[in-house]
Amino acid sequence: MTASDRSLELARAAATAASDKLATTISGIDVSEQLALTDVFVIVSAESERQVGSIVDEVEDVLRERGVKPIRREGQREGRWVLIDFGDIVVHVQHDEEREFYELERLWRDCPALDLGVVGTEQGGR
């Protein structure tokens, strides 16, 4: 089983929103085989806490326009790593330093990388 078409559509919309706010890197991972709770991780990084916040706001606005609201959001206060759970997808928006330190793509390297269709983004981080 792979990520649903709806999950892929939402992940691409989130990636486009992040790209529009000048995210440093964007990657997608199909975690549907490993996790029962979600299909796709979208991993985004930014250079500053302010930019992290801007990306989070844009992703939420774009997905809200598609009828999807966040189920849960964590980490907003610190502004270094924000996790937004939309059910079908989970968007991680991290400061560049957190992304390098935690290397989520390495932790999930057994899962397929996704092409999110955003020009100039890192695909999969591998």
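The structure we're discussing is the one just above.
Residues numbered from 1 in each chain as written. Predicted model: local features only at pLDDT ≥ 70, side-chain atom pairs only at ≥ 80, totals over all residues. Heavy atoms only, no water.

A.B. asks: Where do I start with the environment of Thr25 in this structure?
C.D. replies: Mapped onto the fold, Thr25 is located in strand E1 (residues 25-30). Residues Thr25 and Ser45, 20 residues apart in the sequence, show an inter-C-alpha distance of 5.3 Å. Side chain to side chain, Thr25 and Arg99 meet in a polar contact 2.7 Å long. (Helix = DSSP H or I, 4+ residues; strand = E, 2+ residues; numbered from the N terminus. Polar contact = N/O pair within 3.5 Å; in protein donor to acceptor, adjacent residues only side chain to side chain.)

A.B. asks: What is the right way to look at the pairing of strand E2 (residues 40-46) in this model?
C.D. replies: Strand residues, when the strand is regular, have side chains that alternate between the two faces of the sheet. Of all seven residues in E2, seven are buried; the element is thus mostly enclosed. Covered by surrounding structure in E2 are Val40, Val42, Val44 and Ala46 together with Phe41, Ile43 and Ser45, the residues of both alternating faces. Relative to E2, E1 is paired through six bridges, and the arrangement is antiparallel. Looking across to E2, one finds that Ser27 is bridged to Ile43. The pairing of E2 with strand E5 (residues 89-95) spans seven bridges and is classified as parallel. (Buried < 20%, exposed > 50% of the residue type's maximum accessible area, 1.4 Å probe, protein only. Pairing = 2+ DSSP bridges.)

A.B. asks: Would you mind going over helix H2 (residues 49-65) with me for this structure?
C.D. replies: Spanning 17 residues, H2 covers 25 Å between terminal C-alpha atoms, matching the ideal 24 Å at 1.5 Å per step. Of the residues making up H2, those classed as buried are Gln51, Val52, Gly53, Ile55, Val56, Val59, Glu60, Val62 and Leu63. Buried residues belonging to H2 abut helix H1 (5-20), E2, strand E3 (72-74), strand E4 (81-85) and E5. Where H2 ends, the next residue or the one after it, Gly67, has phi of about 85°, a positive value. (Expected span 1.5 Å × (residues − 1). Contact = heavy atoms within 4.5 Å.)

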